[in-house]
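Breakdown of the fold
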Amino acid sequence: MFKKDFNAGSKTKQEQQVKSSAQRGIRTKVLETYPRLEPYIDDILPKKEQLDLLKIPDRVNLYCLHSTPLFWQHMDDPIIPHLQLVHKYPWCFSRVRIDRGGVRFVLSGATLMVPGLTSPGGRLPGDEDAGEVYDHGGKDLEAGEVVVVDAEGKVNACMVGVLKMGSKEMKEKKKGIAIENHHYVGDGLWKLDLS
Amino acid sequence: MATTEASPGDLRPAKKVVYCGVCSLPPEYCEFGGTTKRCSEWLENNHPDLYIQLYSEEALSQNLSTLSVDAQKRAEKDAKKKAAKAEAAESREAERKASSKVYIKRVERNKRKYVTEVSGLEHFGLDLKKVAKEFGKKFATGSSVAKTAAGGEEITVQGDVSDDIFDWLTENHEEVPEDNIELIEDKKKKSGAGAGAG
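These notes cover the structure that comes with them. The residue count restarts for each chain, going from 1 along the sequence in the order it is written. Labels follow written order: the first chain is A, the first ligand is 1, and so on. For this predicted model, a pLDDT threshold of at least 70 governs which residues receive local features, and a threshold of 80 or more governs which side-chain atom pairs are given and counted, while totals over whole chains, interfaces and linings are taken from all residues. Just so you know, side-chain values use all the structure's heavy atoms and leave hydrogens and water out.

**Side note on the overall build of chain A**
To qualify as a helix, a DSSP run of H or I must reach at least 4 residues; to qualify as a strand, a run of E must reach at least 2; elements of each kind are numbered from the N terminus. Within chain A one finds nine helices and ten strands. Between buried and exposed lies partly exposed: a residue is buried under 20% and exposed over 50% of the maximum accessible area for its type, with that area taken using a 1.4 Å probe on protein chains only. Across the 195 residues that make up chain A, the buried fraction comes to 52%. It only takes one pair of heavy atoms within 4.5 Å for two residues to be counted as in contact. Once local pairs closer than 6 in sequence are excluded, the contacts in chain A between residues at least 24 apart make up 59%. The method behind every accessible area is Shrake-Rupley, applied with a 1.4 Å probe, and residues are considered shielded solely by the protein chains displayed. Just so you have it, chain A exposes about 9000 Å², and 48% of that area is on carbon and sulfur atoms.

**Some words on the overall build of chain B**
Helix and strand counts for chain B stand at six helices and five strands. Overall, chain B shows an N-to-C arrangement of helices and strands of α-α-α-α-β-β-α-β-β-α-β. Burial status across chain B gives 31% buried among its 198 residues. For chain B, the share of sequence-separated contacts (at least 6 apart) that also reach a separation of at least 24 residues comes to 53%. Just so you have it, chain B exposes about 12600 Å², and 51% of that area is on carbon and sulfur atoms.

**A look at the sheet that holds strand 1 (residues 15-17) of chain A**
Residue and element names in this part refer to chain A. With respect to topology, five strands assemble into an open sheet ordered 1-2-3-4-5, the strand pairing being antiparallel. Looking at which strands have only one partner, the edges of the open sheet turn out to be strand 1 and strand 5 (80-81). Any two strands between which DSSP finds at least two bridges are classified as paired. Taken together, the two bridges between strand 4 (residues 68-74) and strand 5 define a ladder with antiparallel strand orientation. Bridging from a neighbouring strand, Trp72 pairs with Ile80 of strand 5.

**Some points on the packing of aromatic side chains**
Any pair of Phe, Tyr and Trp rings, taking the six-membered ring for Trp, is counted once the centres come within 6.5 Å. Such a pair is stacked with planes under 30 degrees apart, edge-to-face with planes over 60 apart, and tilted for the rest. Scanning the entire structure with this criterion turns up seven aromatic pairs over all chains. A centroid spacing of 5.2 Å and a plane angle of 80 degrees characterise the contact between A:Trp190 and B:Tyr19, whose relative ring orientation is edge-to-face. With A:Trp190 in helix 9 (residues 188-191) and B:Tyr19 in the segment before helix 1 (36-46), this residue pair bridges two chains. Judged by its relative accessible area of 6%, A:Trp190 falls in the buried class. We classify B:Tyr19 as partly exposed; its relative accessible area is 25%. An aromatic cluster is present here, built from A:Tyr40, A:Tyr89 and A:Trp91 joined pairwise through their rings. Over the ring of B:Tyr29 we find A:Lys154, and its NZ or CZ is 5.8 Å from the ring centre. Between B:Arg106 and the ring centre of B:Tyr114, over which it is positioned, the NZ or CZ distance is 4.2 Å. Working rule: Lys NZ or Arg CZ, within 6 Å of ring centre, within 35 degrees of ring normal, means a charge sits over the ring.

**Re the side chain of B:Ser143**
Inspection of the secondary structure puts B:Ser143 in strand 3 (residues 143-147). Overall, B:Ser143 belongs to the buried group, its relative accessible area being 17%.

**Let's talk about the nonpolar core**
Nonpolar core, defined: a set of buried Ala, Val, Leu, Ile, Met, Phe, Trp, Tyr and Cys residues in which side-chain atoms within 4.5 Å join the residues together. Counting residues in each nonpolar core, the largest one holds 70 residues, and the members touching the most others are A:Leu37, A:Phe71, A:Leu112, A:Val149 and A:Cys158. Residue ranges for the domains originate in an automatic or database domain assignment. Each of domain 1 (11-82) and domain 2 (90-184) of chain A accounts for three or more of the residues forming this core. Among residues more than four places away in sequence, those in contact with A:Leu37 are A:Val30, A:Leu31, A:Ile44, A:Phe71, A:Tyr89, A:Cys92 and A:Phe93. If you look at the next biggest cluster of nonpolar residues, it comprises 20 residues, including B:Ile104, B:Leu126, B:Phe166 and B:Leu169.

**As for the side chain of A:Gln73**
Residues and elements named next belong to chain A. With respect to the helices and strands, the residue Gln73 is situated in strand 4. A residue is classified by how much of its surface remains accessible, and Gln73, at 6% relative accessible area, is buried. Residues adjacent in sequence count toward polar contacts only when both atoms are side-chain atoms; beyond that, a polar contact is any pair of N or O atoms within 3.5 Å, and within protein one must be able to donate a hydrogen and the other to accept it. In this structure the side chain of Gln73 is engaged in a polar contact, spanning 3.0 Å, whose partner is the backbone oxygen of Asp77. Those residues in contact with Gln73, other than ones at most four positions away along the chain, are Lys29, Arg59, Val60, Asn61, Tyr63, Pro78 and Ile79.

Spelled out as structure tokens, the structure:
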């Protein structure tokens with residue numbers, strides 16, 4: 001979604017402060033979508049601190065704390081964490097993994113296709129070698145869930161986005177689009193300098 | 001999802017991630033960025049432990065081993081193309097920076113009053129709003145950011161401060177080399193727009 005680089009426009013025009021009522025709303029939404037973030041939510045979204053809202057091209061709202069980006073939201077889509085946040089608390093999010101060959105394409109903004117997740121090297125919940133990290137306690141992921149994508153052989157996540165297909169469907173069909181409109185490492189949103 | 005510690009109630013401190021100083025990605029992703037060589041040099045100088053981890057012989061061969069021969073070749077070609085593109089983009093930027101000029105125009109507003117317009121600062125990566133505010137403060141006058149006909153933006157400062165701006169720019173903003181600044185005197189009457197500052 002952020003293939004093009006951009007600036008945030010003239011900063012003071014595009015940056016607003018979020019009302020504390022709205023801030024509470026965002027906090028609740030974040031906890032709803034990512035329940036495992038609860039113990040850290042005060043570090044990420046402190047109640048007393050002023051949350052900033054930055055509008056970026058393509059109808060996207062970026063919530064940040066001073067100069068740290070936290071979450072972004074396209075219109076009314078689910079609220080998605082910025083990868084900087086994901087790198088800090090990777091164990092709090094649902095994760096899948098893509099194989100080594102797909103990383104190149106993902107990092108230039110290509111849509112993530114199912115084969116990247118179902119091929120050897122990819123990890124979905126329910127795989128035999130999923131291990132604790134990718135297993136989700138045996139539950140399958142549903143379409144519409146926000147998921148963090150790791151890369152085979154890398155420690156840090158490479159992208160985050162909304163699943164277009166449930167993980168069970170992916171294993172059955174083995175083709176199609178897995179994740180669209182995502183935020184990946186090195187994209188326009190990542191390069192956005194907030195200082 | 002169970003965390004790597006058994007109980008979900010365990011609080012782990014936020015993970016600290018090192019980001020490459022050259023390409024801003026985590027160092028393990030530097031190979032996809034097009035600036036791999038500089039990235040690896042930076043990493044060697046700043047975080048030698050990570051450098052050994054990522055660029056040691058075993059690590060590199062492990063990376064390539066899981067890809068088939070074809071895929072390996074393609075990956076190499078892609079990496080080379082990306083590096084070439086990144087280099088071309090950088091040299092273009094450097095050229096543009098060297099040639100792009102900052103115009104300081106002094107324009108008449110009324111018979112005795114002038115307005116100074118500074119355009120072309122965006123090419124040097126300066127934040128116009130901030131700079132405009134600084135001008136206003138420094139010269140104790142009103143200043144604002146306005147759009148030009150060509151689609152660029154310029155800073156309008158009330159009064160004739162063209163020389164002061166020239167000095168101030170060369171002193172405080174070294175990104176703008178002196179030769180790139182031009183002082184122009186414009187004889188056209190700028191009605192209204194000149195007074196639109198503040």
